[in-house]
Amino acid sequence: MHYVSRNPTTNREIQNYDSWDALQLEQALMKAHSAQQEWAQTSFIQRAEMLRYAATQLRIRRDRYATIITREMGKPLREARAEVEKCAACCDYYAQNSEEFLRAETVESDARNSYVAHYPLGVLLAVMPWNFPFWQVIRAAAPALMAGNAVVLKHAANVPQCALALEEIFHDSGLPKGLFTNLMIDAEQVADAIASPHVHAVTLTGSEATGRKVAASAGQHLKKCVLELGGSDPFIVLHDADLELAAEMAVASRFLNCGQSCIAAKRFIVVPQIADEFLQRFKTKVTALKLGDPLDDTTQIGPMARLDLRESLHRQVTDSIVQGAVVLTGCKPVEGEGFFYQPSILDRVTTKTRAYHEELFGPVAIVIRAADEADALRIANETRFGLGSSIWSNDLARAEQLATQLQAGCTFINGMVKSDSRLPFGGVKASGYGRELSRLGIHEFVNAKTVWIR
């Protein structure tokens, strides 16, 4: 089997790479384990120096790395540049804050002195997706490395050049050889990596189905696991919302990265008083989006990352139309080369339609009309997912009260759901468990060790 780098704009192969065999995998894991033993003895000052250098290199090489991202998975170039910049900021954040986050905590007890110290676990296996091919990796790797762990990366098979670029960044930053390693392994070999005695924890961002497999394997081998899985985020527009702001941010929330984001707004839940006016504004803005070559800085919507993803999305859309959903705009693939799909809105989505129950991972917004505010809350929670959510209302106290009832890892009021190094990120229900980013993210992969002294 090969890793294939294919340009989704042209459907042409860029390059392919041979997958590793079992021996190559085991040698890489052994090297990572050895490098981690050395790295664990370094000071926070030394680790931070190298991570800051990585941030500097990300900024210096921003345009080159952004072009790799765009050519390999189709993200508009301006979004790819922003992704690389965000990675640099994350490295700086953990370089600055990790020592404080992991400072020993004194605890009053029956001892003369007792405290909780934080030590690295060892080697972290990161199984990462293609949709934010730099950010998803950096947000896991930066805190893990600062905590004294090693990181081995199993990246998505369609972004091998991004994976190699990430390895280049950390290699050039002076980390011990093998401390951050890209594993060119097949999906079937992930279970072997988890089973290895040289791997001590796993983090995954991916689909619900993959998450269940990885969690089962990690559980079998008693390895710590963090999962960030799918989402079907509600975007609730109440009667007193600023409709122009809500419509503007609805477009950004749904169509960033061609809608291929776990925390993209997926379900637009509107109350009767404003439904038609909001949808009129929303449709006007969606139809104005410029679809085209993602290397063109004026392009707002690039291609989907793979042909099979576009085909799967279109089946969900066509099934939902047959089941009663109404097309407001789009809802068709774009003819010609590349994996383009029209920016789309499906209205009148109900429990009888496929789109109501499934995550649509692409540039399709679904609209669900609620009977009232209470019904909107019920609909928002009527999903097996629980990643992000947003509420749009000028009554901030009321919106905040509603936020306490939403079953999600985060709720944004009058703002687009996004990840931020300073805030914990993760989900509930079938969206996974554990947290990335902030103080909580670095604490996921350390041994919180009690020390008791008579």
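What you see is a predicted model; the values in this text were computed from it and never measured.

Colleague: Help me understand the packing of aromatic side chains, please; the structure alone is not making it clear to me.
Modeller: Remark: the centre distance and the inter-plane angle together describe each pair of aromatic rings, the angle taken between the planes. Under the definition given, this model contains 11 aromatic pairs. A centroid spacing of 4.6 Å and a plane angle of 35 degrees characterise the contact between phenylalanine 170 and phenylalanine 180, whose relative ring orientation is tilted. Taken together, the residues phenylalanine 170 in helix α6 (residues 160-172) and phenylalanine 180 in strand β7 (residues 180-182) connect sequence positions 10 residues apart. Since its relative accessible area comes to 1%, phenylalanine 170 is described here as buried. The buried category is assigned to phenylalanine 180, whose relative accessible area is 6%. An aromatic cluster is present here, built from Phe235, Phe268, Phe278, Phe282 and Trp392 joined pairwise through their rings. A cation sits over an aromatic face here: arginine 47 above phenylalanine 44, 5.1 Å from the ring centre. Above the ring of tryptophan 135, the side-chain terminus of lysine 86 is found at 4.6 Å from the ring centroid.

Colleague: What exactly am I supposed to notice about helix α4 (residues 77-101) here?
Modeller: Owing to its 3.6 residues per turn, the α-helix brings residues three or four apart onto one side. The first and last C-alpha atoms of α4 sit 34 Å apart over 25 residues, in line with the 36 Å expected at 1.5 Å per residue. A maximum bend of about 35 degrees is found in α4 at alanine 95.

Colleague: Looking at this model, I keep getting lost on the pattern of salt bridges. Mind explaining?
Modeller: Oppositely charged side chains can form a pair if their charged atoms are brought close together. The tally for this structure, following the rule as stated, stands at 32 salt bridges. Between aspartate 172 and arginine 61 there is a salt bridge, with its nearest N and O atoms 2.9 Å apart. With aspartate 172 in helix α6 and arginine 61 in the loop between α2 (44-60) and α3 (62-73), this pair connects stretches of sequence that are 111 residues apart. Residue classification places aspartate 172 among the partly exposed residues on the basis of a relative accessible area of 31%. Between arginine 139 and glutamate 436 there is a salt bridge, with its nearest N and O atoms 2.9 Å apart. Taken together, the positions of arginine 139 in helix α5 (residues 135-146) and glutamate 436 in the loop between β17 (432-433) and α15 (438-443) put the pair 297 residues apart, joining distant regions of the chain.

Colleague: Quick question: what am I supposed to make of the sheet that holds strand β14 (residues 364-369) here?
Modeller: Backbone-to-backbone hydrogen bonds join strands into a sheet, with any given pair of strands oriented parallel or antiparallel. Read across the sheet, 7 strands follow the order β12-β13-β14-β11-β10-β15-β16 without closing on themselves; strand pairing throughout is mixed. Taken across any chain shown, the strands that pair with only one partner, and hence form the sheet edges, are β12 (326-329) and β16 (412-413). Strand direction decides the pairing type here: β12 and strand β13 (residues 344-347), joined by 3 bridges, are antiparallel. In the strand pairing of β13, valine 326 is matched with aspartate 347. Where helix α11 (residues 307-322) meets the sheet, its contacts fall on β12, β13 and β14, and the angle it forms with β13 comes to roughly 30 degrees.

Colleague: Just checking my understanding: could you explain the sheet that holds strand β9 (residues 224-228) for this structure?
Modeller: With mixed pairing, 6 strands are arranged side by side in an open sheet as β7-β6-β5-β8-β9-β17. Every interior strand has two partners, whereas the edge strands, β7 and β17, have only one. As paired elements, strand β8 (residues 201-205) and β9 share 5 bridges and run parallel to each other. Bridging across to β9, alanine 201 finds its partner in lysine 224. Relative to the sheet, helix α8 (residues 208-220) contacts β8, β9 and β17, its axis offset from that of β9 by approximately 175 degrees.

Parameters and conventions
- Residues numbered from 1 in each chain as written.
- Predicted model: local features only at pLDDT ≥ 70, side-chain atom pairs only at ≥ 80, totals over all residues.
- Heavy atoms only, no water.
- Phe/Tyr/Trp six-rings, centres within 6.5 Å; stacked < 30°, edge-to-face > 60°.
- Helix = DSSP H or I, 4+ residues; strand = E, 2+ residues; numbered from the N terminus.
- Buried < 20%, exposed > 50% of the residue type's maximum accessible area, 1.4 Å probe, protein only.
- Lys NZ or Arg CZ within 6 Å of the ring centre and 35° of its normal.
- Expected span 1.5 Å × (residues − 1).
- Bend = angle between axes of the 7 residues up to and from the residue.
- Salt bridge = Lys/Arg side-chain N within 4 Å of Asp/Glu carboxyl O.
- Pairing = 2+ DSSP bridges.
- Contact = heavy atoms within 4.5 Å.
- Axes fitted to C-alpha atoms, helices over the stretch in contact; angles between N-to-C directions.

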